[in-house]
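# Breakdown of the fold
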Amino acid sequence: MSSSSEMRSEETCVLDDGKFYIVVVKSAGQREEDASAFLLMRETRGGKDPCVGSAILELDGVWNTRITVTYDEVSESDSVHVGDFDSRVEAIVLMWRRRHESSYFHAQ
């Protein structure tokens with residue numbers, strides 16, 4: 001039986017502009033190159049920083065990248081698909097370029 005201390009994840013900040021930042025989160029036992037990336041926005045009111053985007057490796061080997069937006073009843077979604085990319089670096093770059101499209105950014 002494993003203890004909770006063995007199930008740690010490791011976060012590495014890869015981009016930061018003072019308002020938004022991207023962290024790569026590697027879980028225990030996961031290969032570094034497969035670790036997901038998350039776009040977060042600093043909460044100005046002292047709460048937890050919301051996650052406003054993600055780049056996640058899918059089973060088919062592409063990086064599915066999304067940005068959080070206001071819920072749209074037509075698409076029944078609260079995120080917009082940024083794209084599917086062959087590398088995590090590509091996914092992070094495009095997510096970073098589109099960070100200001102997040103609905104959280106406009107709400108503050």
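Quick note: structure is the one above.
The structure reproduced in this document is the subject of the present report. Every chain's residues receive numbers from 1 upward, in the order its sequence appears when written. Given that the model is predicted, a residue must reach a pLDDT of at least 70 before its local features are reported, and side-chain atom pairs must reach 80 or more before they are shown or counted; all residues, however, enter totals for whole chains, interfaces and linings. Note that water and hydrogens are dropped before the side-chain values are worked out from all heavy atoms of the structure.

## Notes on the sheet that holds strand β6 (residues 77-85)
Strands qualify as paired when DSSP identifies two bridges or more between them. Secondary structure counts use DSSP, requiring at least four H or I residues in a row for a helix and at least two E residues in a row for a strand, with both numbered from the N terminus. Taken together, six strands build an open sheet; the order of strands is β1-β2-β3-β4-β5-β6 and the sheet is antiparallel. A single partner strand is all that each edge strand has here, and the edge strands are β1 (9-16) and β6. Sheet twist, expressed as the average angle between the axes of neighbouring strands with direction ignored, equals 25°. Where strand β3 (residues 36-41) meets strand β4 (residues 51-57), four bridges bridge the pair, whose relative direction is antiparallel. The residue of β4 that forms the bridge with phenylalanine 38 is serine 54. Against the sheet, helix α1 (residues 88-97) engages β1, β2 (20-27), β3, β4, β5 (63-72) and β6, with an angle of about 150° to β2. To define axes, lines are fitted to C-alpha atoms, for helices over the stretch in contact only, and angles between the resulting N-to-C directions are given on a 0 to 180 degree scale. It only takes one pair of heavy atoms within 4.5 Å for two residues to be counted as in contact.

## Let's talk about the packing of aromatic side chains
For any pair of aromatic rings, geometry is given as the distance between the ring centres together with the angle between the planes. Only centres within 6.5 Å qualify two rings of Phe, Tyr or Trp (six-membered ring in Trp) as a pair; their planes then separate them into stacked at under 30 degrees, edge-to-face at over 60, and tilted for everything else. Applying the stated criterion to the full structure yields zero aromatic pairs. Both a distance and an angle decide whether a charge sits over a ring: NZ of Lys or CZ of Arg must be within 6 Å of the ring centre and within 35 degrees of the ring normal. The ring of tryptophan 96 carries the charged tip of arginine 99 above its face, separated from the ring centre by 4.0 Å.

## Things to note about α1
Three or more residues of α1 are buried, namely Arg88, Ala91, Ile92, Met95 and Trp96. Angularly, the buried residues of α1 cover 130° about the axis, an arc narrow enough to put them on a single face. Exposed residues lying more than 90 degrees from the buried face of α1 are Val89 and Arg97. Residues of α1 that are buried make contact with β1, β2, β3, β4, β5 and β6. Exposure categories follow from relative accessible area, calculated using a 1.4 Å probe and restricted to protein chains: below 20% of the type maximum is buried, above 50% is exposed, and the middle band is partly exposed. Note that the arc is computed from the directions linking the helix axis to the C-beta atoms.

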